[in-house]
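Survey of secondary and tertiary structure
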Amino acid sequence: MTAPAATDTSAAHAGHGAGGDIVLAAEHISVDYEGDRVTHAVRDVSLALRRGEVLGIAGESGCGKSTLAYALARLLHPPARLAGGSVKFWPRDGAPPVDLACLEGKELRTFRWQQISIVFQSAMNALNPVTRVARQFDDIFKAHSPEMGSDARRQRAEELLTLVDIDPARLSAFPYELSGGMRQRVGIAMALALDPQVVIMDEPTTALDVVVQREILDEIQRLREQLGFSVIFITHDLSLLLEIADRLAIMYAGEIVELAPTADIQRAPAHPYTFGLLSSFPDLRGIRRDLHGIHGSPPNLAEPVVGCAFSPRCGYTFTPCPQVTPALRRLTAPPTRTSTADPPDGTESSRLVACHLHDREYRASAPAELTGAANVIPAGQTL
Amino acid sequence: MSTDNILVGTAQEPALTPGATSTPPRRWWRRGSLRLRIGLGIVAFFVLMAVVGPFFVGDPNAFHAAILQGPSARFPLGTTNTGQDVFAQLVYGSRGTLEVGFLAAAVATLISILIGIGGGYLGGRTDDALSLLSNVVLVIPALPLIILVSAYLHSKSLLPLIAVIAFTSWAASARVLRAQTLSVRQRDYVLAARASGEKSWRIVLVEILPNELPIVTAQFLFGVIFAILTAAGLAFLGLGNINSITWGSMLYYAQNDEALTVGAWWWFVPPGLCIAILGAGLALANFGLDEVSNPRLRVVSRRRAR
Amino acid sequence: MWYGLRKLGFYVVAAWAAVTLNFLLPRLIPGNPVQVLLAREQGQGPVSPQEAHSLALLLGLGHGNLITQYFQYLGQILRGHFGLSITYFPTPVTTVIAHALPWTLTLVGVSTVLGAVLGVALGTFAGWKRSAWVDGLIPSTTFLTAIPYFWLALVLLYAFGSLIHLFPLNGAYSATLQPAFTGPFIASALYHSVLPAATIVISSVGAWLLGMRNMMVSTLAEDYVVAAEAKGLPKRRVMWGYAARNAVLPSVAGFAISLGFIVSGSIVMEVVFSYPGIGYTLLQAVQNDDYPLMQGIFLIISLAVLGANLLVDMLYGFIDPRTRAAR
C-alpha cells in the first residue's frame, strides 16, 4: 500500500498548466470572527489566480466566500481577524512578489485599487449616497494621482463611463438617480479606474434582475477581453459561473472542497457537494431532469468541525467521513474512471478535491454502491 | 452587508436548501449585557429606596434645632436651613420623583402606542392626520407650554402635573413607533394574519405589539427620564407639585433659601446627583437593550486586525 | 423644491396650532382673569378702556361665541397688540420681550451650535476608533445627558462662582455698565455668559456624541465605506466624507427633539443665573400672574423654535440629496 501522492497544494497551482503565470496567491488563509465564541469563517484556504483568467468561487451563504475575498484584499475589520496565512501578489512588470501582509499605511493605500479592486454586491450601497458620481471618481484620482488636474480627472471619468456604456453626462448625478444596473456599471467603471490587474467581484449581479444581469455579465466579459485583468468572481449562483469562469473553486463551511477547470466540473463533478449544487438548478436548454437540492444546513462554524464538514448532509458519506478531515488533494484521474490519488499511468490533473471517495487510502473501504461502476455519479443521471 | 451572513448558523438562502424557512421574530432578552445589568441595577436601587427607604429614615418634615449643618453621624446629609433632615428628604423625595416619572411616562407611552402604532397600521388618511398631529405636538416647545398650563391652573396636586407632562411628551415616541409599525406591517406574519381575516385590533395586539416591545420599552425608559427632568425643572421653578417632597422641590427650597450662597452643598448636590444617576441608569439600561438587539453596537476590545 | 414647500407648509400649520393653543389656554384660568388683571393693573396706574378691551380680546375672552373670540384674538396678534405687562407696568409686553430676547437668542443659539459641533465631532471619533477606552467613556456621557441642566448650573455656579471666584454669580453683564456695542460691554457680556453657555454645552454635548457614535458604528459597516477604504482613499476622507457625512443625517433630522431639551434647559438655567433672557422673564411673569406677558412669551418661544426647526429642516434638505428625489 503506497502512500498518497505528496500534495503540496501551492505546488499544484504554481505555474502549472495552461493559462499563464500567477498574479495572486493565497496560502493557508484562515479568518476568525471574534466574539463570545470564535467563529472560524475561513479555514486553511489556498488558491492561486492566474493572469487573465476568471476564477469563480461558489458556495452557499455563510460558506465564507465573501470573507475570503475581503481577506485577500486586506479589508477585514474587527470582529473579523486574519488568523493565519499569507497573500502574495505578482506585479505586471515581473518584479518580485509583494506580501500583502507586509504593506502598511501609505504603501497599502497606494497599492489598493491600483492593483486589486473590488466590485461590491449591491451597488445601491457601494456608492456614497450623498455625493455625486463625479466626486467619487475624483476621490479615487486625488488619492492615487495627485498630479492630475480637475480637467484631466473629469476626462478620465468620462472615459470610464463611456467604457461601461453610460452617458458621460451622468457624472453629475447622485447615485439615487441611477437605476440598479447603471449603478453597478458605475461600480465596475470605478473598479477599473486605475487599470488594476485583479478585480474581485463579490456577487455583482445578485441584486439585479436577470435581464440586467445578462447585460452586466456581457459587459464584464467584454471589458476583460479589452483590458486583460483577472477576475475573482464570487457568487452563490453556480449557473453564472459555468458560463463565465475558467476555473471554479467550490467552498463549503469555510473550506475549498473542489477546485478545477469549469468544463471538468460541469462534465463530471468530483465532490458530492458540487454534484448537489449542479443538480439544484435546471439547465435552460438541456435535458429535463429531477431537481434535488441538498437537505440540511451548513454547520455552525463557532464549534470545532470534526471530520468532513459536509458529511452530515452527504449522500455518499461512509466510515472515515465523520472522523477524518479530508485534505484538498490533486485528483489524478477524472472520476469517470476509478479515481485514485495516484494513477497507474502517471497523468497529471489540474483538479483538486477534498473528499475521501477519491482518496486512495480510504477508497478501498468504501461501500460498493458508492463506488459501483467506478463512478461517483450514480448511473442514469445526466448533466 | 454580505459578511454578516457568517454569524448566522443556518442558511437563509432558499435556493440550495429547500428546508429553510423565513425566520420568526428574534428573542431580544436572550442575554443581558453589562450595561443592561448596571442600568437596571441602578434603577432597582432607587426603586428600592422609594419603596422601603421611608421606613428606615426619620421624618423629613420635622424641624430640628441643628440648622444648616453639614453631614454628621445623626444627619448623613446634613440639615436644611429650617433644621430638616436632608437625607430623610432625599429618601422620601425618591418616592415622589419616581411616582411622577413612572406614571407620566406610562401614560405618555400608552398615548404614543395608540397614536403611533394605530396610525402606522391603519395607514391612509388616518395615518396622515395622526402623523401630522404627532409632528405638530413634537415641534411645539414642551416646557413653556407646561409652565403656562401649571401657572394658569394654579394647581399643586399630582394629577394635573402627570397629565400635562404626558400630553406633551408622547409625540417623539409615537413617531418612532409609527416608523417601526410601517415596516412591521409588511412582514410575512402580519400579511398572513390579515389574509386570514383576523381583526385589526387583534393583529395589532398579538402580532405587532409584541415585536415592538423592545422599542416600546426603550421609549418608556426615555419617557421616565424626560418626565423626571421636567417635573424636577417645574418644581425648581416653584410650579407643579411642590407640596409633596420630590428631588426637584428640594432643589427649589435649596435655591430659594440661599443654600448656594452659604455653601450648603449637602443640600443641593445630592438631589440633582440622584436625578443624574437615575437618569444615567435608565439610559444605560436603554443602551444595554439596544446592544442585545443590535450586536454591532457592542464594545469590541480587540486591536484592529488584518 | 417640493421638499422645501412641504416643510414650509408644515411649519405654517404648526404655527397656527401654537397660536390657537395660545388662544385656548387662558380658559384654564379659574375665575375671571380679565377682572383680576384689571384690578391689579388699576392698582398700579390708570388703565384706558381700550386697553381693558384689547386685554380681554388678547386672552380670548372678548364678547361673543368662540369663533368671534378667536378672530378677535387673531386680530390683536396680527396688529401686535400684546397688551401691557403687569410685572413691568405700564411697559408693553412687546418691549419687555424685545429686551430679553436678544440675550437668549445669542446665548442659546451659540451654545447650541457649539454643543452640536463638538458632540458630532467627538462622536465621529468615538465611532471611528471603536477602541475600548473610547467606548468606556460612554457611561460618563450617558451620565452627562441625564444631568438636569439647572442642577449642573447650580453646581457650576457654586464651583466657579462661589468657591473659586472665577466667574460672576449672576446677570448678563456687569451692573455698572450700560448696554451698548462697546468693547468693555461686550467683554463683560462674554465674561458673564461663560458659565451659562458652559451649562448648555456640557448638558447637550452628551446626546449629540452618543447619537453620532452609534450612527457611525452602523455606517462603518456599510458597503460604501468599505469600498472607500478599498479604493485606498486617505483615512480622513473616508471618516468625514463617506462615514460621518452619512451618519450625521439622523442627528440633524432629530434636531427638533434636541432643541426641545435645549429650550427647556435654558429656561431653568437662566433662572439659576438670573440671566435676563426670555426664560427668566417668563418665570417672573409666572410669579406675578402676568398673563399678557406669559402669552406673549409663549408665542415668541414657539415661533422661534418653529423657525429654528424650519432652518434645520432646510439644511437637511440641502445635505441629503435624496430629499430631492421625486416622490
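Residues numbered from 1 in each chain as written. Chains lettered and ligands numbered in written order. Predicted model: local features only at pLDDT ≥ 70, side-chain atom pairs only at ≥ 80, totals over all residues.

1. Quick word on the overall build of chain B
When you go through chain B residue by residue, the secondary structure sums to eleven helices and zero strands. Along its sequence from the N terminus, chain B presents helices and strands in the succession α-α-α-α-α-α-α-α-α-α-α. Residue burial in chain B is summarised as follows: out of 306 residues, 46% are buried. (Helix = DSSP H or I, 4+ residues; strand = E, 2+ residues; numbered from the N terminus. Buried ≥ 20, exposed ≤ 12 C-beta atoms within 10 Å, placed from the backbone.)

2. Thoughts on the interface of chain B and chain C
How big an interface is tends to be reported as the loss of accessible area on association of its parts. Contact with chain B, which involves 45 residues of that partner, is made by 50 residues of chain C. If you list the elements that add at least two residues to the side of chain B that touches chain C, you get helix H3 (124-139), helix H4 (142-153), helix H9 (213-236) and helix H11 (265-293) of chain B. The greatest single-element share of the side of chain B that touches chain C, amounting to eleven residues, is contributed by H11 of chain B. Here the side of chain B that touches chain C is built from residues that sort into 36 nonpolar, eight polar and one charged. (Contact = placed C-beta atoms within 7 Å. Nonpolar A, V, L, I, M, F, W, Y, C, P; charged D, E, K, R; others polar.)

3. Quick word on unusual backbone geometry
Look at aspartate 195 of chain A: it is not a glycine, yet its phi comes out positive at around 55°. With respect to the helices and strands, aspartate 195 of chain A occurs in the loop between helix H7 (180-191) and strand E7 (198-202).

4. Quick notes on the sheet that holds E7 of chain A
Residues and elements named next belong to chain A. Reading across the sheet, the eight strands line up as E6-E7-E8-E3-E9-E10-E12-E11 and stay open at both edges, with mixed pairing between neighbours. Each end of this open sheet is capped by a strand with a single partner; those strands are strand E6 (116-119) and strand E11 (329-331). Along the sheet, successive strands turn relative to each other by an average axial angle of 25°, direction set aside. With five bridges joining them, E7 and strand E8 (residues 230-235) adopt parallel strand pairing. When the sheet's bridge partners are listed, valine 198 is paired in E8 with serine 230. (Pairing = 2+ DSSP bridges. Axes fitted to C-alpha atoms, helices over the stretch in contact; angles between N-to-C directions.)

5. Focus: helix H6 (residues 150-163) of chain A
The terminal C-alpha atoms of H6 of chain A, which comprises 14 residues, lie 20 Å apart, in line with the 20 Å expected from a rise of 1.5 Å per residue. Of the surrounding elements, those touching the buried residues of H6 of chain A are helix H5 (133-144) and H7 of chain A. (Expected span 1.5 Å × (residues − 1).)

6. A closer look at the sheet that holds strand E1 (residues 22-33) of chain A
Residues and elements named next belong to chain A. Judged by pairing direction, the sheet is antiparallel, and its four strands sit side by side in the order E2-E1-E4-E5 without closing on themselves. A strand with exactly one partner marks an edge of an open sheet, and here the two such strands are strand E2 (39-50) and strand E5 (98-99). Pairing between E1 and E2: eight bridges, direction antiparallel. Pairing of aspartate 32 across the sheet is with histidine 40, part of E2. Set on the sheet, helix H2 (residues 65-72) makes contact with E1, E2 and strand E4 (80-89); between it and E1 the angle comes to about 120°.

7. Side note on the interface of chain C and chain A
Taken residue by residue, the interface counts 20 residues in chain C and 22 residues in chain A. Elements with a minimum of two residues in the side of chain C that touches chain A: helix H10 (223-230) and helix H11 (235-247) of chain C. Here the side of chain C that touches chain A takes six residues from H10 of chain C, the largest share from any one element. Looking at side-chain class alone, the side of chain C that touches chain A contains ten nonpolar, two polar and eight charged residues.

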